[in-house]
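Structural description and commentary
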Amino acid sequence: MNGNLTLIEEVRKQCPLVHQITNVVTVNDCANITLSCGASPVMADAPEEVAEMARLASALVLNIGTLKVEQVDAMIQAGISANEKGIPVVLDPVGAGATTLRTRTTKKLLEEVRIAYLKGNAGEIATLTGERAEVRGVDSGHVGIDIRTLAINAAKKWDLTVIVTGEKDVITDGAMWAEVSNGHPLMGAITGTGCMCAPVVAAFAAVSKEPMTAAISAVTTYGIAAEKAATMAKGPGSFRQGLFDALYSLDGDTIKEYAKVEWGRV
């Protein structure tokens, strides 16, 4: 498995185009983190062009962080276009469970678009699977189920790869699971670290035919970048800047050295 943790080298070689319809609060950071890992971002969200843009891309990210009703149609158009081309779609259901609109929109996207990766916190994923959960705005509260079990149930329910972010990131396709312990508490001190994870996953998914490999490699790489950034940070501001620098500078040998991953079969 360690040899599969170095997909960032393939991302840099191929420089996949990652189309993102995302959170306006974090759109600039999402674009920059995409560049930092070696991919190319495009942030087109106009309904008149999203289908065409998705056909040019190598992966698509849908993030409902600053959701508007007119954005839903654009996401579905882009998602269908991505499905027709056969490129992976990453869905980030930010705040699902906090409002009816967010929950309903996420379920609609799951029904009408073939999603390859569902990435969210425990509260968001639990809400979507019908489990008891607390969601505070866009943050996760208490969840009344084991996180690994939650992720496995969601993966089986929608036949996709699930990434549940938290103190330990849990990744599963319903047949295998992995837990990634890389990361740093400063990730919770700035806006957008969750949103930025999705385009990293998308970039890695664009260059791999193995969804679990792509997800584990992406999440591990991103977590190690956060650890490296934290060693030089004086606070949240310098950590944010350092995160881009650290990801940009990572190489395969460093990732293999610092990776903290456990995995097994369901």
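In this text, all values refer to a predicted model and were calculated from it rather than measured experimentally. (Residues numbered from 1 in each chain as written. Predicted model: local features only at pLDDT ≥ 70, side-chain atom pairs only at ≥ 80, totals over all residues. Heavy atoms only, no water.)

Topic: the UniProt feature "binding site: ATP" (unreviewed entry) in the protein chain
Under the UniProt annotation, the feature "binding site: ATP" (unreviewed entry) is placed at Lys119 and Thr165. Over a stretch of 47 residues, the named residues converge on one spot in the fold, their C-alpha atoms separated by at most 7.3 Å. Ignoring any residue separated from it by four or fewer positions in sequence, one finds Lys119 in contact with Leu91, Asp92, Pro93, Ile163, Thr165, Gly194, Cys197 and Ala198. Following the sequence through the fold, Thr165 ends up in strand E8 (residues 161–165). (UniProt positions renumbered as here; feature names shortened; annotations may be inferred. Contact = heavy atoms within 4.5 Å. Helix = DSSP H or I, 4+ residues; strand = E, 2+ residues; numbered from the N terminus.)

A short note on the side chain of Thr22
As for its placement among the helices and strands, Thr22 is situated in the loop between strand E1 (17–21) and helix H2 (27–36). The class for Thr22 is buried, based on a relative accessible area of 6%. Contacts of Thr22, omitting those with residues within four sequence positions, involve Val27, Cys30, Met43, Asn63, Thr66 and Gln71. (Buried < 20%, exposed > 50% of the residue type's maximum accessible area, 1.4 Å probe, protein only.)

Considerations on the packing of aromatic side chains
Within the structure shown, the criterion is met by zero aromatic pairs. The aromatic ring of Trp177 is capped on one face by Arg148, whose charged end is 3.6 Å from the ring centroid. Here Lys228 stacks its cationic end above the ring of Tyr258, 3.4 Å away from the centre of that ring. (Phe/Tyr/Trp six-rings, centres within 6.5 Å; stacked < 30°, edge-to-face > 60°. Lys NZ or Arg CZ within 6 Å of the ring centre and 35° of its normal.)

Focus on the packing of H2 against helix H8 (residues 193–206)
The relative placement of two packed helices comes down to the angle between their axes together with the axis-to-axis distance. At a minimum axis distance of 9 Å, the contact between H2 and H8 shows a crossing angle of 40°. Relative to H8, the element H2 is oriented oblique. Every pair of crossing elements has a handedness; the one defined by H2 and H8 is right-handed. From H2, Asp29, Cys30, Ile33 and Thr34 reach across to H8, where they touch Cys195, Met196, Pro199 and Val200. Of the residues assigned to the contact of H2 with H8, the class counts are six nonpolar, one polar and one charged. (Axes fitted to C-alpha atoms, helices over the stretch in contact; angles between N-to-C directions. Parallel < 35°, antiparallel > 145°, perpendicular 65-115°, else oblique. Left-handed = near helix turned anticlockwise from the far one by under 90°. Nonpolar A, V, L, I, M, F, W, Y, C, P; charged D, E, K, R; others polar.)

Here we look at the layout of surface pockets
The calculated volume of the second largest pocket comes to roughly 360 Å³. Lining of the second largest pocket is provided by 18 residues; of these, Gly86, Ile87, Pro88, Ala116 and Ala205 occupy positions nearest its centre. Here the lining of the second largest pocket is composed, by residue class, of ten nonpolar, four polar and four charged. (1 Å grid on protein atoms, 1.4 Å probe; cavity = no way out; pocket = protein on both sides within 12 Å on 5 of 7 lines; lining within 4 Å. Points joined across faces, edges and corners; volume = space filled by probe spheres on them.)

Observations concerning the sheet that holds strand E2 (residues 40–42)
Spatially, the nine strands line up as an open sheet ordered E2-E1-E3-E4-E5-E8-E9-E10-E11, and their pairing is mixed. Strand pairing shows two members of the sheet lacking a second neighbour, E2 and strand E11 (261–265), which therefore form its edges. Across this sheet, the average inter-strand angle for adjacent strands is 20°, counted without regard to direction. Strand direction decides the pairing type here: strand E10 (residues 176–180) and E11, joined by five bridges, are antiparallel. Within the sheet, the bridge partner assigned to Met176 lies in E11 and is Arg265. (Pairing = 2+ DSSP bridges.)

Some remarks on helix H9 (residues 211–232)
Between its first and last C-alpha atoms H9 spans 32 Å; for 22 residues at 1.5 Å apiece the expected length is 32 Å, and the two agree. In terms of residue burial, H9 counts as a mostly covered element, since 18 of its 22 residues are buried. (Expected span 1.5 Å × (residues − 1).)

Some thoughts on the pairing of strand E3 (residues 59–63)
Extensive coverage of E3 is indicated by the burial of five of its five residues. Of the two faces of E3, the one lined by Ala59, Val61 and Asn63 and the one lined by Leu60 and Leu62 are each fully buried. Direction of pairing for E1 relative to E3: parallel, over a ladder of four bridges. Bridging across to E3, His19 finds its partner in Leu60.

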